[in-house]
Amino acid sequence: MTDYKFEGWLGRTPDAINGKMEWGEFEPKVWTEDDVDIQITHCGICGSDLHTLRSGWGETPYPCCVGHEIVGKAVRVGKNVKHIKVGDRVGVGAQARSCMQPDCPECSVGQENHCSRAAVNTYGSVYPNGEGKSYGGYSDYNRTNGHFVLKIPDSLPSELAAPMLCGGITVFSPLRRNGCGPGKSVGIVGVGGLGHFGVLFAKALDADRVVGISRRASKRDEVLALGADAYIATADEEGWAKKNARTLDLIVSTVSSADMPLSDYLKLLKVGGTFIQVGAPDGGNLPPINAFTLIGSGIKVGGSLIGPPGEIQEMLDFAAKNNVKPWVQLRPLKDANQAVIDMTEGKARYRYVLVNERHAKLGNL
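Quick notes on the rules
- Residues numbered from 1 in each chain as written.
- Predicted model: local features only at pLDDT ≥ 70, side-chain atom pairs only at ≥ 80, totals over all residues.
- Heavy atoms only, no water.
- Domains from an automatic or database assignment.
- Contact = heavy atoms within 4.5 Å.
- Buried area = accessible area lost by both parts, 1.4 Å probe.
- Salt bridge = Lys/Arg side-chain N within 4 Å of Asp/Glu carboxyl O.
- Polar contact = N/O pair within 3.5 Å; in protein donor to acceptor, adjacent residues only side chain to side chain.
- Phe/Tyr/Trp six-rings, centres within 6.5 Å; stacked < 30°, edge-to-face > 60°.
- Lys NZ or Arg CZ within 6 Å of the ring centre and 35° of its normal.
- Core = buried A, V, L, I, M, F, W, Y, C linked by side-chain atoms within 4.5 Å.
- Buried < 20%, exposed > 50% of the residue type's maximum accessible area, 1.4 Å probe, protein only.
- Helix = DSSP H or I, 4+ residues; strand = E, 2+ residues; numbered from the N terminus.
- UniProt positions renumbered as here; feature names shortened; annotations may be inferred.
- Pairing = 2+ DSSP bridges.
- Right-handed = clockwise from strand over helix to strand, strands pointing away.
- Bend = angle between axes of the 7 residues up to and from the residue.

J.: I'd like to hear about the domain arrangement of the protein chain, residue by residue, with values.
T.: Buried accessible area, meaning the area lost when the parts come together, often serves as the stated size of an interface. With domains assigned, the protein chain is organised as domain 1 (7-166 + 327-355) and domain 2 (168-303). Placing the centre of domain 1 and that of domain 2 at their C-alpha centroids yields a distance of 28 Å. The partner domain 2 presents 19 residues to the 13 residues of domain 1 that form the contact. Summing the contributions of domain 1 and of domain 2, the shared interface buries around 1300 Å²; its carbon and sulfur component is 53%. Where domain 1 touches domain 2, the interface holds 1 salt bridge. In this structure, arginine 349 engages glutamate 222 in a salt bridge whose closest nitrogen and oxygen atoms are separated by 3.3 Å. Summed over the shared surface of domain 1 and domain 2, the result is 10 residue pairs in polar contact (both at pLDDT 80 or more).

J.: Could you give me a rundown of the packing of aromatic side chains, with the residues and numbers involved?
T.: Under the criterion given, the structure shown has 12 aromatic pairs. Ring pairs connect the aromatic residues Tyr4, Phe6, Phe26, Tyr135 and Tyr141, which therefore count as one cluster. Over the face of the ring belonging to tyrosine 127 we find lysine 29, whose NZ or CZ atom lies 5.3 Å from the ring centre. Here arginine 76 stacks its cationic end above the ring of tryptophan 31, 3.8 Å away from the centre of that ring.

J.: Describe the nonpolar core, naming the residues involved and giving the relevant values.
T.: Side chains of nonpolar character tend, in soluble globular proteins, to be buried together. If you look at the biggest cluster of nonpolar residues, it comprises 47 residues, and the most contacted ones within it are Leu175, Phe201 and Leu316. Breaking this core down by element, the ones donating at least two residues are α2 (158-177), β10 (185-189), α3 (193-204), α4 (220-226), β12 (230-233), β13 (248-253) and α8 (309-322). Taken domain by domain, this core gets at least three of its residues from each of domain 1 (7-166 + 327-355) and domain 2 (168-303). Setting aside its immediate chain neighbours within four residues, leucine 175 contacts Cys180, Val186, Ile188, Gly198, Phe201, Ala202, Leu205, Leu250 and Val252. Counting 37 residues, the second largest nonpolar core, distinct from the first, contains Ile45, Cys65, Val66 and Tyr138.

J.: Please set out the UniProt feature "domain: Enoyl reductase (ER)" (unreviewed entry) in the protein chain residue by residue, giving values where relevant.
T.: Per the UniProt record, the feature "domain: Enoyl reductase (ER)" (unreviewed entry) sits at residues 16-354. Split by type, residues 16-354 is 25% helix and 24% strand. Its first and last C-alpha atoms lie 17 Å apart.

J.: Mind laying out the pattern of salt bridges, listing which residues take part and the relevant values?
T.: Following the criterion strictly, the structure yields 25 salt bridges and no others. Across the pair arginine 358 and aspartate 140 runs a salt bridge whose closest N-O atoms are separated by 2.9 Å. In this pair, arginine 358 sits in the segment after β17 (351-355) while aspartate 140 sits in the loop between β7 (120-121) and β8 (141-145), placing the two residues 218 residues apart along the sequence. Salt bridges linked by common partners bring Lys5, Glu7, Asp140 and Arg358 together as one network.

J.: Kindly report on the pairing of β10, identifying the contributing residues and their values.
T.: Here β10 lies mainly inside the structure; 5 of its 5 residues are buried. Covered by surrounding structure in β10 are Ser185, Gly187 and Val189 together with Val186 and Ile188, the residues of both alternating faces. As paired elements, β10 and strand β11 (residues 209-214) share 5 bridges and run parallel to each other. Following the sheet pairing, isoleucine 188 is matched in β11 by glycine 212. Crossover handedness for the path β10 to α3 to β11: right-handed. Both β10 and β13 contribute to a ladder of 4 bridges, which runs parallel. When the bridges of β13 are listed, isoleucine 188 appears paired with valine 252.

J.: Please set out the environment of lysine 270 residue by residue, giving values where relevant.
T.: Assignment of secondary structure puts lysine 270 in strand β14 (residues 269-277). Overall, lysine 270 belongs to the partly exposed group, its relative accessible area being 30%. Considered as a pair, lysine 270 and proline 288 are 18 residues apart in the sequence and their alpha carbons are 20 Å apart. Lysine 270 has contacts with Arg246, Thr247, Leu248, Asp249, Ser297 and Ile299, leaving out every residue within four places of it along the chain. Of note is the side chain of lysine 270, whose polar atom sits 3.4 Å from the side chain of aspartate 249.

J.: Please provide a residue-by-residue account of α2, values included.
T.: Where α2 bends most, the angle comes to about 60°, and this point is methionine 164. α2 sits mainly inside the fold: 18 of its 20 residues count as buried. A positive phi of about 85° marks glycine 179, the residue just after α2.

J.: Outline the side chain of threonine 122, listing residues and values.
T.: For threonine 122, the position within the fold is in the loop between β7 and β8. Residue threonine 122 is classed as buried on the basis of its relative accessible area of 2%. A distance of 3.3 Å separates a polar side-chain atom of threonine 122 from the backbone nitrogen of glutamine 95. With near-sequence residues (within four places) excluded, threonine 122 lies in contact with Gly67, His68, Ile70, Val92, Gly93, Ala94, Gln95, Ala96, Ser134, Tyr135, Gly136 and Asn142.

J.: Lay out the pairing of β12 in plain terms, naming residues and giving numbers.
T.: Residues Ala230 and Ile232 point to one face of β12 and Tyr231 and Ala233 to the other, with burial holding for every one of them. Relative to β12, β11 runs parallel, the two being bridged by 4 bridges. Bridging from a neighbouring strand, isoleucine 213 pairs with isoleucine 232 of β12. Once the chain exits β11 it traverses α4 before rejoining the sheet at β12, and the crossover so formed is right-handed.

Next up, the structure:
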């Protein structure tokens, strides 16, 4: 038994996206000795939260408490969990469990994020075997399988670590896995919450040239201040695709739009270049790709999904060592509804982080 209650902001219908979440108590998954309970101090707001609140990626199993960029203090640790102890500052990203079986083709090789047998999201998932539902970080406490609970490096502030647990790893993983580094020219499409991490990590990984690509020129100064070497405003620069043709080795696209100019993005790749899509539009549809665009430049198109626990820990350690600092705006948890509205309207520059006033002091973190 515990002396604390699990309470948080609950979305009960798709109207929750319009500032209609309600504070209430919820029943976490059934406790096992593989689990960790976390007293939450910080939780980033991710675009996935918005999609889920409005049932944009399929029907959400309401009530749902979103939030999967969770940082806090471990207050209960199952006896089977060896790498975490009570009192540790820890984090949880977008995944709460996989099958973790030795014969799983994905889990057995450290690709838990692609497990097809028993992947459970940090919120909005129903656990197998009647263990209940998963509830996320717009709340006081979270319960997650210990394998997916990570230690936060001492030198990495909680408000900076939180948005890395989904937003950061979503771009760090494809950059790392696709050769971002010295000698490479890298483009980041969509410089928002995800894309600004792309610029920061590409520079920290020592790419020779990093290019921010977004619609409007109004973001140019901010993106250059993030460390980008150049900026392309696709809605404000006539002939941008032709002017910048075959200049990039790697593109990571964070855009969540079925109407993005995908063919023009692909034209920016050098021969043999790679395009990785991480943004997920409602419905999942992307624009069609002309086969001759692929064939003519010998380019590769792929996708990437968050990252496994081992890679998330690698990213956190890398960020701490290389002083990677995302641009965050702190919002009190009590104002989560307004923060979601502001996020929906694109006001974040570049990640909102909710601070749980019960467990952390806003402005004194």
